[in-house]
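Results of the structural survey
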Amino acid sequence: MTNRRERRAARAEGTLDTASFLQTAARFIDLANRENRKIQATDLHLAFLWAAARYNAHVAKAVLEVDEHEAFVTDMVERYREMLRQNLADPELDPPAGNG
């Protein structure tokens, strides 16, 4: 585990440790929750998925300069699949008892 000084140095360099990664993700989730007050979750989750795809395409093309698009797509799909499975298995996301 890194100490606070190391985490701050990593952030100053533009990299994320695990805690910073989760904090950044939480900000996106907070935005989704605010938008969900006006937009149905069934529409909103697709808008966020589109935004993630759009941003990842930008990173692939403009930042990483990926030549093999299909290899990048396969990698991203596998990463998403694993993240989705981890979150679906998270009991903290279970609906409260009595909602169904």
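The following refers to the structure shown. In this text the structure is predicted, and so the values were computed from the model without any measurement.

Attention now goes to the packing of helix H3 (residues 41-63) against helix H4 (residues 69-88). Orientation of H3 relative to H4, taken along the N-to-C sense of each, is 140°, at an axis distance of 11 Å. As judged from the angle between their axes, H3 and H4 are oblique. In this structure, H3 meets H4 at a crossing whose hand is right-handed. Facing Leu-49, Asn-56, Ala-60 and Lys-61 of H3, the residues of H4 in contact are His-69, Phe-72, Met-76 and Tyr-80.

Attention now moves to the pattern of salt bridges. Enumeration over the complete set of coordinates arrives at 2 salt bridges. Residues Arg-79 and Asp-75 are paired through a salt bridge, measuring 3.0 Å at the closest nitrogen-oxygen approach. Here Arg-79 and its partner Asp-75 are both found in helix H4, 4 residues apart, which amounts to about one turn of the helix. Residue classification places Asp-75 among the partly exposed residues on the basis of a relative accessible area of 33%. A salt bridge links Arg-81 to Glu-78; its shortest N-O distance comes to 2.4 Å. Of this pair, Arg-81 and Glu-78 both sit in helix H4, 3 residues apart, which is roughly one turn of the helix.

Procedures and definitions
Residues numbered from 1 in each chain as written. Predicted model: local features only at pLDDT ≥ 70, side-chain atom pairs only at ≥ 80, totals over all residues. Heavy atoms only, no water. Axes fitted to C-alpha atoms, helices over the stretch in contact; angles between N-to-C directions. Helix = DSSP H or I, 4+ residues; strand = E, 2+ residues; numbered from the N terminus. Parallel < 35°, antiparallel > 145°, perpendicular 65-115°, else oblique. Left-handed = near helix turned anticlockwise from the far one by under 90°. Contact = heavy atoms within 4.5 Å. Salt bridge = Lys/Arg side-chain N within 4 Å of Asp/Glu carboxyl O. Buried < 20%, exposed > 50% of the residue type's maximum accessible area, 1.4 Å probe, protein only.

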